[in-house]
Amino acid sequence: MSITAAQKAAIEEIINILTSAVPPKGKRRRLCDMYMDLVDRTDWPEYYEVIPEPRCINGVISSVEKNRYKDAINVYTDLSLIFWNALFYNEPDSQIAGDAETLKTMLQTEWQKRSVLPAPRHSPPPSSAQKVHGTVPAASVPQASTTQAPPRTAVPNLGTTSTPALQTPKPATRHQSPLQPSSPDVDVDVSGMSPEPEGQSEDITMGSGGGEESSGINEEIVRQLEKSLPRWEGFGDLGWMPEVSKERLVEIVHTIKSHKDVIGNRLAVALEDVSEEQSSPTTSYQSPLSLKLIEGRVKSQSYETSKDFDLDMARLFEKARRWHEPRTEPYGRVLLLQRLYQALTSSLPLAGPPYSSTTNFASLRAGPGTARPLHSTDSEGVPGVTSFRVSTKDRTVVDEVHYKGWSIRLADWLHLSNPDDPSQPIIGQVFKCWLSEEPAKRGQHGITVCWYYRPEQTFHPAHQRFMEGEVFKTGHFADHSLEDVIEKIACQFTARHIRGRPRPPFWYPGWPLYVCDARYNDRERLFVRIKNWNSCIPEEVRQNEEFMPIYAFERSVYPIKVASPFVGKGAVKGPGGIGEPIEKADGDKIEGSSTGRKRTKRNLAPAGTGKIMPASTPAAAAPAPPYFQYPPSQPQLQTQRPHGGTEDTRDRTMLTAAGNLSVKPIIDKLPAETAKLFDRSPETNEVLWFAAPPMNVARTPAPKYSLAYLHFLATKRKQKSEETDAMDIDGGDATSIKRQRITVPPTVTETMKAAFDAMNESQS
């Protein structure tokens, strides 16, 4: 609900009083001039390092006019935060601090005069710098009203000035303070967090956790906030299975209970291990529930409708997902059985029994890491599974779809069935909900989802570290049937993840929560940090102020970072691996990417090894195309081949020989009919092309020998000649087998000189 019309009118009156206030004596000026707009981030970057929640009067006015506030107390919180921030950052004897104290007192007095407004708080808000940095004034208690500047940690003297007196505080004020004891003043304010003021950037640099002590404090802050958040009310009334016979319900339960994998393991053991009595406090259903209990109800025909049975099964899978640790084998079995169950209760039931599937009953043929987009040129993976754009062909776009009690709308994040590994469900954001118009699927609902990759689904260096729950946005868009939906989840971009948790209905405690800080290009295996968060979400919600607001922490909470999943004792296997980026040649357009960089391809080790393989040999590579080549001009570089010998790794390209060029040259291939007319390298099959004629260098003169050695050679030839005359050479001429003396042809210079000498002699 929004603030009432009477409350809005009262708030506007208070803001008008604040904006028209002047000092009682001295120069006639408005006290609020310093607080109308946010402090300039370029001129005063230190301010944003110290003040966790900057606010300004114009930002509050704009939010009130646009009805962004859901509760009137949030308006008071933002207005008071303006003055609390000024009191924290400026010296108590400065003009700015004095004006802030006057306006803060005026705000409190005027607010209390209006009975339509809720009672204001007298202490700093939980998101104020005083609470975050642990410098809460002793006089700031709910029973007292202060008119003095609150004592706090000393800040360098800024003096009185007409511009925001901003200065970097002492390091002591920047340290994260221990969590304050539980009290009405320091409890996390979950009544609401107002939207961010217009113009406030969300590009926040990640910080460190600060050690084990800081990590424990962070966990306590998160725990306190989540403990006070509203719980999920449970599944809705739409999207359940159609009415079926009682016998069909028995068949479904029997199939789930008896289904086995390819090696004969019965998967329902993962459901039977879940305690019938105990439930997670965050689940929507706290009464006893188990597969055995559902089976008994089905056999006794206790369910009045199929929807009641379907609801109990959905609750059982929800309970089992919270019971087992994510990404473990039992967890994967639960998700596989849930996908089988949803296939059995769909409008297009599976063929069987027995029921089997090469994709773990998922609607797609491959998942993240192995799926390749439509028209992909990659040789590895399964092509044609995803695309680089959202298609609307042969489908009607709808606002939302309903499935198993979930209401799925644009920009929702979901867990979806992974055909490669059920224990790692696909993480995706909905970009379109649609109704199919294809003849074979007419009337069926579906969703188009943008995939987010997990760290184990990427290729990255062994030293790279990841935040807990970190995922990466990709350019893969996939069309999923509703039967692939496992559950709704949430994913926050880093700027908001460190400041709070999403508000309902975007997230509830117990739902899986991920954090995203970068994009991942799986063609080049590159990570690019996201600077514009709005570019990552569907265009329709980019300007929506109500999209994923948050409940704020007492202070920023930075998640801890962990090592790569492919290194260490608990190394896992995945479609990703340890390796470096793949560098493409110039001109190779990367589908779904705006980069076409020239890079060198490096080999990658198998997943989980933690090693980088040696470079591949030329014999294993395809013959290189006939590019123009420059003659060798660099020292010989060699690398050890896996099977012995050395490999020439010199860069013989013309670009290298030319050095760094300010203008990128144009490179083209020679036609095959032209290239065959030139000599080629026997090793690389590349055309031998030279940028200039051969250099006119004098040839090495023939060797000169001593007279004694020449006499020895003459005697030896004479002796061999005499021996040949006495032998039958099969009619051959004995003199023809004598070694011919090698003569070196004259050089061009010698020939030209001889020609000029002859011309001079003829003229003379």
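Residues numbered from 1 in each chain as written. Predicted model: local features only at pLDDT ≥ 70, side-chain atom pairs only at ≥ 80, totals over all residues. Heavy atoms only, no water.

**Topic: the overall build of the chain**
A tally of regular secondary structure across the chain gives 18 helices and 20 strands. Counting every position in the chain, which comprises 764 residues, the buried fraction comes to 43%. A separation of at least 24 residues holds for 68% of the contacts in the chain among residues at least 6 apart in sequence. Of the accessible surface of the chain, which amounts to about 41,100 Å², a share of 53% is contributed by carbon and sulfur atoms. (Helix = DSSP H or I, 4+ residues; strand = E, 2+ residues; numbered from the N terminus. Buried < 20%, exposed > 50% of the residue type's maximum accessible area, 1.4 Å probe, protein only. Contact = heavy atoms within 4.5 Å. Areas by Shrake-Rupley, 256 points an atom, 1.4 Å probe, with all protein chains shown as cover.)

**Regarding the pattern of salt bridges**
Scanning the model with the defined rule gives 31 salt bridges in all. Between Glu 295 and Lys 257 there is a salt bridge, and its shortest N-O distance comes to 3.0 Å. Remark: Lys 257 occurs in helix H9 (residues 246-258) and Glu 295 occurs in helix H11 (residues 291-299); sequence separation between them is 38 residues. For Lys 257, a relative accessible area of 30% translates into the label partly exposed. Shared partners join several salt bridges into a network, and the residues in it are Glu 13, Glu 110, Lys 113 and Arg 114. (Salt bridge = Lys/Arg side-chain N within 4 Å of Asp/Glu carboxyl O.)

**What about the nonpolar core?**
Judged by nonpolar contacts, the single largest core of 63 residues is most densely connected at Ile 408, Ile 447, Trp 451, Tyr 452 and Phe 493. For this core, the leading source of residues is strand E8 (residues 445-453), giving six residues. (Core = buried A, V, L, I, M, F, W, Y, C linked by side-chain atoms within 4.5 Å.)

**Topic: the side chain of Asp 484**
Along the chain, Asp 484 falls in the loop between strand E11 (470-481) and strand E12 (485-493). When residues no more than four places from it in sequence are discounted, the contact partners of Asp 484 are Arg 339, Ala 362, Ser 363, Leu 364, His 415, Leu 416 and Ser 417.

**Focus on the packing of aromatic side chains**
Scanning the entire structure with this criterion turns up 26 aromatic pairs. Ring geometry for Phe 235 and Trp 406: centres 5.4 Å apart, planes at 80 degrees, overall edge-to-face. In this pair, Phe 235 is assigned in the loop between helix H8 (211-228) and H9 and Trp 406 in strand E5 (residues 406-409), connecting sequence segments 171 residues apart. Taken together, Trp 232, Phe 235, Trp 240, Trp 406, Tyr 508 and Trp 511 form an aromatic cluster joined through their ring pairs. Here the guanidinium or amino end of Arg 41 rests over the ring plane of Tyr 48, the centre of that ring lying 3.9 Å away. We note Arg 503 situated over the ring of Tyr 551; from NZ or CZ to the ring centre the distance is 4.3 Å. (Phe/Tyr/Trp six-rings, centres within 6.5 Å; stacked < 30°, edge-to-face > 60°. Lys NZ or Arg CZ within 6 Å of the ring centre and 35° of its normal.)

**A closer look at the side chain of Ser 63**
By secondary structure assignment, the location of Ser 63 is in helix H3 (residues 57-65). Taking relative accessible area as the criterion, Ser 63 reaches 1% and is therefore assigned buried. Separated by 3.0 Å, the side chain of Ser 63 and the backbone oxygen of Gly 59 make a polar contact. (Polar contact = N/O pair within 3.5 Å; in protein donor to acceptor, adjacent residues only side chain to side chain.)

**A word on the environment of Arg 395**
Among the secondary structure elements, Arg 395 is positioned in strand E3 (residues 395-398). The exposure class of Arg 395 is buried, given its relative accessible area of 13%. Through-space distance from the C-alpha of Arg 395 to that of Gln 444 is 9.7 Å; in sequence the pair is 49 residues apart. With sequence-adjacent residues up to four places away left out, Arg 395 is seen in contact with Trp 434, Leu 435, Ser 436, Glu 437, Thr 448 and Asp 479. A polar atom in the side chain of Arg 395 sits 3.4 Å from the side chain of Thr 448. In terms of polar contacts, Arg 395 uses its side chain to reach the side chain of Asp 479, at 3.0 Å.

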